[in-house]
Amino acid sequence: MRDEHIKRLLDEAPLASLGQAELAAVRAHVETCAECGRAFEAAQVSSLLLKTRTQEAFEPSPFFQTRVLAALRERRAAEEERWTLTRLWKSAGLLVSSMAATVAALAVFTFVAPAETTVVQEVASGNAYTAESVIFDDAGDEQMTYDQVLTSLYGADDEAER
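Note that the structure is predicted; figures quoted are calculated from it, not measured. (Residues numbered from 1 in each chain as written. Predicted model: local features only at pLDDT ≥ 70, side-chain atom pairs only at ≥ 80, totals over all residues. Heavy atoms only, no water.)

Undergrad: In this structure, what is going on with the overall build of the protein? I would like to understand it.
TA: Helix and strand content of the protein: seven helices and zero strands. Taking all 162 residues of the protein together, 11% fall into the buried category. In the protein, once contacts between residues fewer than 6 apart in sequence are set aside, the share between residues at least 24 apart is 48%. In the structure as shown, the protein presents an accessible area of about 14100 Å², 60% of it carried by carbon and sulfur atoms. (Helix = DSSP H or I, 4+ residues; strand = E, 2+ residues; numbered from the N terminus. Buried < 20%, exposed > 50% of the residue type's maximum accessible area, 1.4 Å probe, protein only. Contact = heavy atoms within 4.5 Å. Areas by Shrake-Rupley, 256 points an atom, 1.4 Å probe, with all protein chains shown as cover.)

This is the structure we're talking about:
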């Protein structure tokens, strides 16, 4: 190994992983070759720098920890709120849907059915005065006789007693 340069050996493996025999051969070669001596010194310095850098403990600032914990709390609160709304919809969704369907059905019956039922109500009641006829003045020119007024006020039973 004395005839070979040790640069290849130092490039292939870290200095800390070399065995005792390899280190002894490198040290013997460094004494005779100045270029390999500089490479060996550079390998020793870089190995020392790496060891010191890895031994340093990095601790975040208290402000960083506070910000991270606050962000985690906000995220957790948002997830809990979303879960609460989902749980509420699962439990009350059927009720809300059935109420909406009932309202829609009542709206349809309110706007479609009255045209058919008002005619039936007017024919069924013998009373000449209905709310619609009074409001819209349907019976405007017709005059009721005295007997018709008494019948509508007191009914047919009172007239039969007389």
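Undergrad: How should the packing of helix α2 (residues 20-32) against helix α3 (residues 34-55) be read in this particular structure?
TA: One way to put it is that α2 packs onto α3 with a least axis distance of 6 Å and a crossing angle of 130 degrees. Judged by the inter-axis angle, α2 sits oblique to α3. Every pair of crossing elements has a handedness; the one defined by α2 and α3 is left-handed. Residue-level inspection shows Val26, Arg27, His29, Val30 and Thr32 of α2 in contact with α3, the latter providing Ala34, Cys36, Gly37 and Phe40. The residue inventory of the contact of α2 with α3, partitioned by class, reads five nonpolar, three polar and one charged. (Axes fitted to C-alpha atoms, helices over the stretch in contact; angles between N-to-C directions. Parallel < 35°, antiparallel > 145°, perpendicular 65-115°, else oblique. Left-handed = near helix turned anticlockwise from the far one by under 90°. Nonpolar A, V, L, I, M, F, W, Y, C, P; charged D, E, K, R; others polar.)

Undergrad: Can you help me understand helix α4 (residues 62-112) in this one?
TA: Side chains of residues three or four places apart in an α-helix project in the same direction, reflecting 3.6 residues per turn. Taking 1.5 Å of rise per residue, the 51 residues of α4 would be expected to cover 75 Å, and the 70 Å separating its terminal C-alpha atoms lies within 8% of that figure. If you look at α4, its biggest bend is around 55 degrees, right at Ala92. (Expected span 1.5 Å × (residues − 1). Bend = angle between axes of the 7 residues up to and from the residue.)

Undergrad: Explain the state of the cysteines here, please?
TA: Throughout this description, disulfide means a covalent bond between two cysteine sulfur atoms. Counted by the stated rule, this structure contains zero disulfides. Of all cysteine sulfurs, the one in Cys33 lies closest to Cys36, which takes part in no disulfide; the gap is 3.5 Å. (Disulfide = S-S within 2.5 Å.)

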